[in-house]
Amino acid sequence: MTGTERREQLLDIGRTLFAERGFEGTSVEEIAAKAGVSKPVVYEHFGGKEGLYAVVVDREMSRLLSMVTGALTAGHPRELLEQAAFALLDYIERYTDGFHILVRDSPVAQSTGTFASLIGDIATQVEDILGLEFKSRGYDAKLAPMYAQALVGMVALTGQWWLNVRKPKKAEVAAHLVNLAWHGLQGLEHHPKLVGRRRD
């Protein structure tokens, strides 16, 4: 096996184990044993479990971000919502192990490499689109980043739930997500007011 092939083998094994057991539940010994190599080989390629995990997470984040941004092609805002919802649900369905890894907390990366930071990256892509829509409809475009976080977060958390139940079907989940988001956005007030007594 070449060095590149060995590295890919270790990444595949690590990805599977991290998805099943999480970062803490996976050991270098186990990764090495499954690959049929000694522990020093894992250290030689990645410097340890943390290095291997960081590469796995980085690849999954890149894959998901690429799927979401690549899906945003339509001009109409409602269709863009559909495309974003489908992209995330497609990723969950096709790369379940990767999604399991992304949604778990890890001690490896504090500000990057977490599900929250990934959601932030996707929301940044969405906020530009929302900003233009807000501006054209007379809303405060400075609030687009907050709305982008809310919309992407809603889809992501629903995706986490759907990963475990797998019902209803993906298209139905996407339709309901878009229904809630679109009708909520359609009826958006220019200057929302609180209805309860609390004001601070």
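Just so we're clear, the structure is a prediction, and the values are computed from it rather than from any experiment.

## Some remarks on helix H9 (residues 170-186)
Item 1. Given a rise of 1.5 Å per residue, 17 residues ought to cover 24 Å, and the 24 Å separating the end C-alpha atoms of H9 matches this to within 8%.
Item 2. Taken residue by residue, H9 has Lys 170, Val 173, Ala 174, Leu 177, Val 178, Ala 181, Trp 182 and Leu 185 as its buried positions. Relative to the axis of H9, the buried residues are bounded by an arc of 150° and lie together on one face. In H9, those exposed residues whose orientation departs by more than 90 degrees from the buried face are Leu 180 and Gln 186.

## Quick look at the UniProt feature "domain: HTH tetR-type" (unreviewed entry) in the protein chain
Item 1. Residues annotated in UniProt with the feature "domain: HTH tetR-type" (unreviewed entry) correspond here to residues 4-64.
Item 2. Between the end C-alpha atoms of residues 4-64 the distance is 24 Å, and the span holds 82% helix and 0% strand.

## Some details on the domain arrangement of the protein chain
Item 1. Here the domain parsing of the protein chain yields domain 1 (3-51) and domain 2 (57-187).
Item 2. For domain 1 and domain 2, the distance between their C-alpha centres works out to 30 Å.
Item 3. Counting residues at the interface gives 12 residues for domain 1, matched by 11 residues for domain 2.
Item 4. Carbon and sulfur atoms make up 54% of the surface buried where domain 1 meets domain 2, a total of about 850 Å² over both sides.

Conventions used here
Residues numbered from 1 in each chain as written. Predicted model: local features only at pLDDT ≥ 70, side-chain atom pairs only at ≥ 80, totals over all residues. Heavy atoms only, no water. Helix = DSSP H or I, 4+ residues; strand = E, 2+ residues; numbered from the N terminus. Expected span 1.5 Å × (residues − 1). Buried < 20%, exposed > 50% of the residue type's maximum accessible area, 1.4 Å probe, protein only. Arc of directions from axis to C-beta. UniProt positions renumbered as here; feature names shortened; annotations may be inferred. Domains from an automatic or database assignment. Contact = heavy atoms within 4.5 Å. Buried area = accessible area lost by both parts, 1.4 Å probe.

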